[in-house]
Amino acid sequence: MRYLGMAFALAATIGLGACVQTRQYADVQFTPPEGDYKLLVLRPDVTVGALTTGGMVEPRAEWTEEARANIIAALKAQQAARGGNVTIIEHRNALPGVSEQELADIERLNFVVDESIVEAKYLGNYLPTKRGRGLDWTLGADAVKLGQKTGYDYALFLHAEDQVASTGRIALGVLGLAGCIVGFCAPNIGGAEQLDYASLVDLKTGQVVWFNVVDAASQVPGIKFGDLRTPQGAAQMVDRLLGRMKPGQDVRQAQGKR
């Protein structure tokens, strides 16, 4: 805690801190679900690890499970306030009529599609076949089959990665910043990063109709932006990611003409 307090004080002194960025994409005809919709939230894909002094991330199973439980609780609270018929799957054997293997397969398929969206939309690795076509990804027949079996309108997939800086990493960053005060700045080793993204799939068509990424990074080890191991941090992340769904371009334009 002493190192953390020093990191905050030094960051304030030289103007460094944490930065949170978010950017949504949606199908041009997308309207955020409201009213009597049926939403299936698949088991959140969560990883929490320790950022070591050397910059490696060591996954921690106990932290991951703690964070997943907090995220699920935050999702339940948020969706309850929105209305609709929402089911959050905590275990793959919890969906009647759908086998664990079927859920595992669609989760893996969605992961690959989500990675493709992140590469093309956020990292600049544009695909020639996707250029100028908005959000044009699909889970295909597997998603449609899931909708037919369960009767749900949408499936929501959520991915979260969080890093917790170790005491050694924080101390190293503090020493580097302390050098700046006396006239010698060590190279900025960088702090932790939290990467979260979510995709909403229309189970009638299989199309990914909405996607959002939240990237929170600190330049100084020890500065936090919502610890997923705490209920407050998980609720903050869920609100950043899902709290303000924007309609698609055509819907926004139609609303603006009214």
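In short, a report on the structure.

Definitions and limits used
Residues numbered from 1 in each chain as written. Predicted model: local features only at pLDDT ≥ 70, side-chain atom pairs only at ≥ 80, totals over all residues. Heavy atoms only, no water. Helix = DSSP H or I, 4+ residues; strand = E, 2+ residues; numbered from the N terminus. Buried < 20%, exposed > 50% of the residue type's maximum accessible area, 1.4 Å probe, protein only. Contact = heavy atoms within 4.5 Å. Arc of directions from axis to C-beta. Core = buried A, V, L, I, M, F, W, Y, C linked by side-chain atoms within 4.5 Å.

## Some thoughts on the environment of valine 238
With respect to the element layout, valine 238 can be found in helix 6 (residues 231-242). By relative accessible area, valine 238 is classed as buried at 1%. Sequence separation of valine 238 and alanine 160 is 78 residues, and the distance between their C-alpha atoms is 10.0 Å. Ignoring sequence-local partners within four residues, the contact set of valine 238 consists of Ile71, Ala74, Leu75, Gln78 and Gly243.

## Overview of helix 4 (residues 141-150)
Structurally, the α-helix is built with 3.6 residues per turn, so residues lying three or four positions apart point the same way. Three or more residues of helix 4 are buried, namely Ala143, Val144, Leu146, Gly147 and Thr150. Along helix 4, the residues classed as buried sweep out an arc of 155 degrees about the axis, all on the same side. Seen from the buried face of helix 4, the exposed residues on the opposite side, beyond 90 degrees, are Ala141 and Gln148. Where the residues of helix 4 are buried, they touch strand 2 (38-41), helix 3 (100-122) and strand 7 (193-202). One or two steps after helix 4, the chain reaches glycine 151, where phi turns positive at roughly 80 degrees.

## With respect to the nonpolar core
Grouped together as the largest cluster of nonpolar side chains are 32 residues, with contacts concentrated most on Ile71, Leu75, Leu158, Leu200, Trp210, Met237 and Leu242. If you list the elements that add at least two residues to this core, you get strand 2, strand 3 (45-51), helix 2 (61-82), strand 6 (154-165), strand 7, strand 8 (208-218) and helix 6. Broken down by element, this core gets its largest block of residues, 6 residues, from helix 2. With near-sequence residues (within four places) excluded, leucine 75 lies in contact with Val41, Pro44, Ile88, Leu158, Val238 and Leu242. Of all hydrophobic cores here, the second largest spans 26 residues; its members include Ile89, Val98, Val118 and Ala155.

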